[in-house]
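# Examining the three-dimensional arrangement
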Amino acid sequence: MFNPVLDGLPENAFPRLANLIAGIQPGGNAPPILMSLGEPQHPVPDFIGPILASHVAEYGKYPPIQGTDAFREAVAGWLNRRFELTRHPVRSEGHILPLNGTREGLFSAAFLVTPPKKDGRQPAVLMPNPFYQCYAGAALAAGAEPTYLDATRGAGFLPDIQALSPDLLSRTSLFYMCSPANPQGSVASIDYLKQLVQLARQYDFVLALDECYSEIYTRSPPPGGLRAASDLADADAIEPFANVLVFHSLSKRSNLPGLRSGFVAGDTRLIARFRNFRAYVGPTNPLPADAAATAAWRDEAHVEENRRLYRQKFDAADEILNGCFGYFRPAGGFFLWLDAGDGEAAALKLWREAGVKVLPGKYLARGAVGDPYIRVALVGPLEETIEGLRRIWRTLGSG
Ligand SMILES: Cc1ncc(COP(=O)(O)O)c(C=O)c1O
C-alpha cells in the first residue's frame, strides 16, 4: 500500500515539536510566545483586499498555468530592477512561471530534472544541512539520493562546495541552495553563486536557488542566482540563465503566506518543460490572487516598511543576546540560530519554564550538525519579540 521510497522521510519538524512538548503546560505565568513557525505576522499590504474583491468574479474561471501577462511582466520588471539584469534582462515570455507558493515548485523541480540514472548511477540531489525540509522529501520522491552538505559555523553556514568530489557531482541531477538560508540567515556571495553556476554547467545538473528570503535583510540586498548566471554568460548568449532556476515568493517579502503566490524563473528550456509538467500536475494561481500578486511585485513601499519592522527586532536582539549563545545578526531572513548546547533540551526548558516555543535545530538537519541549536523566528510584533528574547536570555542563562 505504501511507496517504500518515502520510508526515508522522518516525521516533519512541527509534529516532532508538538510531541516534544505534548502534555506540558507553558510556564512563565504569562501568555506563551510562539517563535517556532516562520509565518510572518506583519500586516497584509492594504492594497491586497480591494484588488481581491474587485476581481472576485474571476474565481469563475480556470486560471492559466502560465498566469496572466500582467503578472509575468510585473515579475520580469521586478527581477530586472532588483538584480540589475541589464546585460540579459529577464523576459515575461519564456523565463517565468507562477507557482502556488514556492514550496510546491521546489518540490516539483526534483521530478522535472531527475533521470532514473545519471552517469550510470542513482542520481544525487544535493542540499545544505540544515535545510528546508521540502528538498529532502522531493529528492526521495523523485528517486534520487538526498545528499546533505553540512553548513557549519566555520564555513560561514554555507556548504563547502570546494570539497565536492567530481564523483558526486557527475551523478548530481539537482542542487538545492537557499540564500538567505533558512535557518541560519547566511547569504551566498555573488562569487559563491558563480561557482555554483559553473559547477552546474560543468556537470550538467540544475541549480535550484531558493531565494524566498531575499527581501528580508537588514544591511545590503543579497545577490541572486540570475545575476550570477548572467555575469558568466557571453553578452549575446542565447541561454544566459542556463542550468539555473530561482524561486521567489510573496510569503515573506509581502507578508502573504496565505495567498500562495510565488514564481520560478530562469533557463527557458527548463521553464518550458516545467510549464508542460505543471499542465499535468495542475497547481495554478486563482486569477484574483494573480492580480493581487501583480500589484505586490510592482510595489516596494510595503517591502521597505517590512524590512524596517524586522530591523527593529534585530536591533533588539543585538542588545539582548549580544555575546550569548554564539549570537550573530544574520545577513538575511528573519530567524535567529542560537547555540544552546543541546537545542532539544533548550526548547523543552523554554516551553516548560518560560512559555516560549522555539524549534530545535536538530529537527531541521540530518546527523548532528543542528543538535546544539534552536531556531527562533522573529515574526511577531516588536514588544512580544523583545519579551520572548528576554525570556530566552533569562531561562537559558547568558550562554
Ligand atoms: C527556505 C524556504 N523555502 C521555501 C518556503 C516556502 O514558502 P512559500 O511556499 O510560502 O512560498 C519557505 C517557507 O517557510 C522556506 O522557509
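Residues numbered from 1 in each chain as written. Predicted model: local features only at pLDDT ≥ 70, side-chain atom pairs only at ≥ 80, totals over all residues. Heavy atoms only, no water.

### So, the sheet that holds strand S3 (residues 124-129)
For the record, the criterion: The pairing criterion is simple: DSSP has to find at least two bridges between the two strands. Only DSSP runs of H or I reaching four residues or more are called helices, and only runs of E reaching two or more are called strands; each is numbered from the N terminus. Lines fitted to C-alpha atoms define the axes here, with helix axes fitted over just the stretch in contact, and angles between the N-to-C directions of these axes take values from 0 to 180 degrees.
The strand order across the open sheet formed by seven strands is S2-S8-S7-S6-S5-S3-S4, and the pairing between neighbours is mixed. The sheet terminates laterally at strand S2 (96-99) and strand S4 (145-150), the two strands that pair on one side only. Direction aside, neighbouring strands of the sheet carry axes that sit 20° apart on average. Two strands pair when backbone bridges link them, and strand S6 (residues 206-210) and strand S7 (residues 244-249) are joined in this way by four bridges, in the parallel orientation. By the bridge assignment for S7, Leu-209 is matched with Val-246.

### With respect to the domain arrangement of the protein chain
Let me state the cut-off plainly: Segmentation of the chain into domains, including their bounds, is taken from an automatic or database domain assignment. Buried area, as used here, totals the accessible surface that two parts lose on assembly, with accessibility defined by a 1.4 Å probe and the loss added over both. A pair is scored as a salt bridge if a Lys or Arg side-chain nitrogen falls within 4 Å of a carboxyl oxygen belonging to Asp or Glu. Pairs of N or O atoms within 3.5 Å make up the polar contacts considered here, provided that, within protein, one atom can donate a hydrogen while the other can accept it, and that residues adjacent in sequence are counted only when both atoms are side-chain atoms. In the scheme used here, Gly and all other residues not listed as nonpolar or charged are polar, with Ala, Val, Leu, Ile, Met, Phe, Trp, Tyr, Cys and Pro taken as nonpolar and Asp, Glu, Lys and Arg as charged.
The domain architecture assigned to the protein chain consists of domain 1 (4-43 + 302-396) and domain 2 (48-298). For domain 1 versus domain 2, the separation of C-alpha centres amounts to 26 Å. Between domain 1 and domain 2, roughly 3,000 Å² of surface is buried when both sides are summed, and carbon and sulfur atoms account for 57% of that area. The largest contributions to the domain 1 side of the interface with domain 2 come from Arg-307, Arg-366 and Val-369, which together make up 19% of the buried area. Linking domain 1 to domain 2 there are zero salt bridges. Here domain 1 and domain 2 share 16 residue pairs in polar contact (both at pLDDT 80 or more) between them. Of all the secondary-structure elements, those providing two or more residues to the side of domain 1 that touches domain 2 are helix H12 (301-321), strand S9 (335-339) and strand S12 (373-377). The biggest single contributor to the side of domain 1 that touches domain 2 is H12, with seven residues. Each residue belonging to the side of domain 1 that touches domain 2 can be placed in one class, and the counts come to 19 nonpolar, eight polar and six charged.

### What to know about the pattern of salt bridges
The line we're drawing: Only protein chains enter the accessibility calculation, which uses a 1.4 Å probe. A residue is then buried if its area is under 20% of the maximum for its type, exposed if over 50%, and partly exposed in between.
Counted under the stated rule, the structure contains 19 salt bridges. The closest approach of N and O atoms between Asp-119 and Arg-121, which form a salt bridge, is 2.9 Å. Judged by its relative accessible area of 51%, Asp-119 falls in the exposed class. A relative accessible area of 26% means that Arg-121 is categorised as partly exposed.

### Description of the site of the ligand
Note the threshold: Whether a residue is near a molecule or strand depends on its heavy atoms: if one lies within 4 Å, it is near.
Taken together, 14 residues lie around the ligand, and Thr-102, Asp-210, Tyr-213, Ser-249 and Ser-251 are the ones closest in. One of the side-chain nitrogen or oxygen atoms of Thr-102 is found 2.7 Å away from an oxygen atom of the ligand. Within the contact set of the ligand, an oxygen atom lies 2.7 Å away from a side-chain nitrogen or oxygen of Ser-249. Those elements that place two or more of their residues in the shell around the ligand are helix H4 (102-113) and helix H9 (250-253). Ranked by residue count, the leading element in the shell around the ligand is H4, at three residues. Tallied by class, residues from the shell around the ligand come to five nonpolar, five polar and four charged.

### Re the pairing of strand S8 (residues 262-266)
Counting buried positions along S8 yields five of five residues, so the element is predominantly enclosed. Of the two faces of S8, the one holding Gly-262, Val-264 and Gly-266 and the one holding Phe-263 and Ala-265 are both buried throughout. Pairing of S2 with S8 involves four bridges; the strand directions are antiparallel. The partner of Ile-96 across the bridge, within S8, is Ala-265. For S7 and S8, the ladder comprises five bridges, and the chain directions are antiparallel. Residue pairing for S8: Leu-245 is matched across the bridge by Gly-266.

### Section: a nonpolar patch on the surface
So the rule is basically this: Only residues above 30% relative accessible area that lack a salt bridge enter a patch, with like-charged residues linked at up to 9 Å and the nonpolar side chains Val, Leu, Ile, Met, Phe, Trp and Tyr linked at up to 5 Å. Using a 1.4 Å probe, the Shrake-Rupley method yields the accessible areas, and only the shown protein chains count as cover for residues.
Residues Val-5, Leu-6 and Leu-9 make up a contiguous nonpolar surface patch of roughly 200 Å² in combined accessible area. Its location among the elements puts Val-5 in the segment before helix H1 (13-20).

### What about unusual backbone geometry?
Omega for the peptide link from Ser-179 to Pro-180 comes to -10°, which places this bond in the cis form. Relative to the helices and strands, Pro-180 resides in the loop between strand S5 (172-178) and helix H7 (190-203). Following Asn-182, the chain continues to Pro-183 via a peptide bond in cis, the omega torsion being 20°. Residue placement: Pro-183 occurs in the loop between S5 and H7.

### Some points on the side chain of Ser-170
Stated precisely, the cut-off is as follows: By the convention used here, residues are in contact when the closest approach between their heavy atoms is within 4.5 Å.
Tracing the chain through its elements places Ser-170 in helix H6 (residues 166-170). The residues contacting Ser-170, other than those within four sequence positions of it, are Lys-118, Asp-119, Arg-121 and Tyr-203.

### Quick notes on the environment of Leu-250
By secondary structure assignment, the location of Leu-250 is in helix H9. Taking C-alpha positions, Leu-250 is 32 Å from Asp-7, a pair spaced 243 residues apart along the chain. Those residues in contact with Leu-250 that lie beyond four places of it in its chain are Asn-255, Leu-256, Leu-259, Ser-261, Ala-293, Ala-296 and Trp-297.

### Let's talk about the packing of helix H3 (residues 69-82) against helix H11 (residues 287-298)
Helix-helix packing is characterised by the crossing angle of the two axes and by the distance between the axes. Short version of the rule: Angles are sorted into four bins: roughly parallel if under 35 degrees, roughly antiparallel if over 145, roughly perpendicular if 65 to 115, and oblique for all others. Each crossing gets its hand from how the near helix is turned against the far one by less than a right angle, where anticlockwise is left-handed and clockwise is right-handed.
Direction vectors running N to C along H3 and H11 enclose 20°, while the axes themselves pass 9 Å from each other. Considering their axes alone, H3 and H11 lie roughly parallel with respect to each other. Relative to H11, H3 is oriented so that their crossing is left-handed. Taking contact as the criterion, the partners of Ala-70, Phe-71, Ala-74, Val-75, Trp-78 and Arg-81 in H3 are, on H11, Asp-290, Ala-293, Thr-294, Trp-297 and Arg-298. Class assignment of the residues belonging to the contact of H3 with H11 gives a composition of seven nonpolar, one polar and three charged.

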